[in-house]
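Secondary and tertiary structure notes
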Amino acid sequence: MNKPVTSRPRDFLSTRKQDLSLYIHIPFCTSKCSYCDFYSAPGDSAAVAGYFRALRGEIDDYADFLATKDIVSVFIGGGTPSAVPPSYLRDVLCHIESITPLTGAEITTEANPNSLTSAFVDTVTEAGVNRISLGIQSLNPKLLRLLGRAHTAFDAHAAAELVTSRGLNVSVDFMLGLPGQTPSDIDATLDFVDRYDIPHVSYYSLIVEEGTPLYAMRDRLPFLDDEADRALYHRASNGLCHMNRRSYELSNFAKPGFECRHNRRYWTLENYLGFGPTAAGNIDSLRYKNTASREAYIKGELTYEMEHLSTIDRINEWLILALRTSEGIDPEAFARRFGRNFDAVYATPLAKHLKRRTIAEEHGRYVLTDLGKDLANTVELDFFTL
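Here goes a summary of the coordinates provided. (Residues numbered from 1 in each chain as written. Predicted model: local features only at pLDDT ≥ 70, side-chain atom pairs only at ≥ 80, totals over all residues. Heavy atoms only, no water.)

Quick look at the pairing of strand β5 (residues 131–137) now. The buried count for β5 comes to seven of seven residues, which makes it a mostly enclosed element. Residues R131, S133, G135 and Q137 of β5 are buried on one face, and the alternating residues I132, L134 and I136, pointing to the opposite face, are buried as well. In this structure, strand β4 (residues 106–111) lies alongside β5, joined through four bridges in parallel fashion. Bridging across to β5, E110 finds its partner in S133. Since β4 and β5 lie parallel, the crossover through helix α4 (residues 118–126) that links them has a hand, and here it is right-handed. Bridge count for β5 against strand β6 (residues 169–176) is six bridges, and the pairing is parallel. When the sheet's bridge partners are listed, I132 is paired in β6 with V170. (Buried < 20%, exposed > 50% of the residue type's maximum accessible area, 1.4 Å probe, protein only. Helix = DSSP H or I, 4+ residues; strand = E, 2+ residues; numbered from the N terminus. Pairing = 2+ DSSP bridges. Right-handed = clockwise from strand over helix to strand, strands pointing away.)

Following this line, the structure appears as structure tokens:
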């Protein structure tokens with residue numbers, strides 16, 4: 001990203017008719033997890049009220065732009081959306097609906113097991129939320145404490161019981177690569193998915209971000225080696241496959257028809273706006289990120305990091321993201337989007353990885369094999385030839 005600027009992303013946007021997704025960041029948490037570098041902090045009622053006033057103001061700034069768009073998905077993330085009174089989420093969705101219809105949109109909110117209540121579920125679903133993503137991460141009490149999670153395994157079960165009993169579309173997040181994580185930890189999460197018939201599951205690998213408490217402890221923790229880490233991934237992936245949760249992206253698994261529409265749009269470089277501090281947006285060749293200060297945001301002192309991506313930048317992004325999905329690289333889609341012949345442009349890396357069997361050709365597309373998934377980063381780098 002470029003240096004912060006005060007000119008607005010809005011100044012560069014077109015009002016032509018387009019599909020659009022929205023991301024709304026809720027920068028409040030009851031406590032900070034040891035691995036988390038997302039922007040969030042505890043806040044009192046005055047800070048929450050001030051934040052949502054500022055959020056409505058930012059949305060208003062895009063009103064004429066939003067009014068020309070078909071909203072495909074809305075994702076409310078954080079932070080912890082369930083850490084604020086649900087009436088605020090209801091009001092912000094109603095505010096958006098007053099500008100542009102949300103009919104037919106996939107509307108997801110993240111929630112943590114310790115702060116998910118019946119009142120929260122009732123209020124947000126009445127406002128249009130039709131998908132809840134539970135951040136559970138682990139069911140092992142020792143690992144939950146290490147991660148600084150504010151919930152217990154019992155809370156996770158209670159939350160799953162609550163949302164599934166309402167017939168909601170539910171996703172759960174678990175983590176892989178945790179220090180000391182064992183196959184039995186993975187089996188517990190698979191049993192959880194089976195018990196509550198969770199249709200969508202994400203297994204994200206732990207990334208130890210600099211500046212987090214976990215980073216400070218890293219030399220004292222029993223991190224897994226690559227072989228053990230990949231073994232846990234395959235255990236999770238195979239277990240979910242047997243439960244008819246297909247891997248449609250390296251970290252994401254779903255029953256047919258329950259794939260996350262919002263994430264799919266990220267992975268195909270479709271347009272989305274981000275609202276709130278640190279929220280990012282992607283419109284055509286423009287990518288931006290909002291100010292990282294909640295206090296400045298509330299005061300309306302907005303700055304942005306913006307960059308206009310070149311065609312080569314977009315091609316490289318598109319290739320990396322496509323390779324991570326089960327659909328893989330579609331040469332025809334590549335030609336339609338970038339006006340180039342994929343097989344000709346990438347003849348060398350393609351031949352190399354077909355020979356090594358890290359990539360296979362399936363129905364005219366190029367997809368990672370199981371070996372290729374284990375070496376995905378290396379494979380992706382070889383396609384950075386432009």
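Spanning 17 residues, helix α1 (residues 45–61) covers 25 Å between terminal C-alpha atoms, matching the ideal 24 Å at 1.5 Å per step. Among the residues of α1, A47, V48, A49, G50, Y51, F52, A54, L55, E58 and I59 are the ones counted as buried. (Expected span 1.5 Å × (residues − 1).)

We now examine α4. Within α4, the full set of buried residues consists of F120, V121, T123 and V124. Phi turns positive one or two residues past the end of α4, at G128, with a value near 115 degrees.

What follows deals with the packing of aromatic side chains. Considering all chains together, one arrives at 22 aromatic pairs under this definition. Between Y51 and F52, the ring centres sit 5.5 Å apart and the planes meet at 85 degrees, which makes this aromatic pair edge-to-face. A ring pair is formed by F334 and F342, whose centres lie 5.3 Å apart and whose planes are at 75 degrees; its orientation type is edge-to-face. Comparing F334 with F342 shows no difference in burial state: the two are buried. A cation over an aromatic ring shows up here: K69 above the ring of F65, its NZ or CZ 4.0 Å from the ring centre. (Phe/Tyr/Trp six-rings, centres within 6.5 Å; stacked < 30°, edge-to-face > 60°. Lys NZ or Arg CZ within 6 Å of the ring centre and 35° of its normal.)

What follows covers the nonpolar core. Formed by 91 residues in total, the largest nonpolar core has its most connected members in L134, V172 and L273. Element by element, the count of residues in this core is highest for α1, at seven residues. Setting aside residues up to four positions removed in sequence, V172 forms contacts with L134, I136, F192, V193, I198, H200, V201 and S202. (Core = buried A, V, L, I, M, F, W, Y, C linked by side-chain atoms within 4.5 Å. Contact = heavy atoms within 4.5 Å.)

Attention now goes to empty space enclosed by the protein. If you walk through the whole model with that rule in mind, you get two cavities of 30 Å³ or more. Approximately 50 Å³ is the volume found for the largest cavity. Partitioning the lining of the largest cavity into residue classes produces three nonpolar, six polar and one charged. Volume-wise, the second largest cavity comes out at about 40 Å³. Looking at the second largest cavity, the residues that line it are Q137, S138, F174, M175, Q181, D185, I186, T189 and Y203. Those elements that place two or more of their residues in the lining of the second largest cavity are β6 and α7 (183–196). For the lining of the second largest cavity, the leading source of residues is α7, giving three residues. (1 Å grid on protein atoms, 1.4 Å probe; cavity = no way out; pocket = protein on both sides within 12 Å on 5 of 7 lines; lining within 4 Å. Points joined across faces, edges and corners; volume = space filled by probe spheres on them. Nonpolar A, V, L, I, M, F, W, Y, C, P; charged D, E, K, R; others polar.)

Structural measurements only, silent on function.
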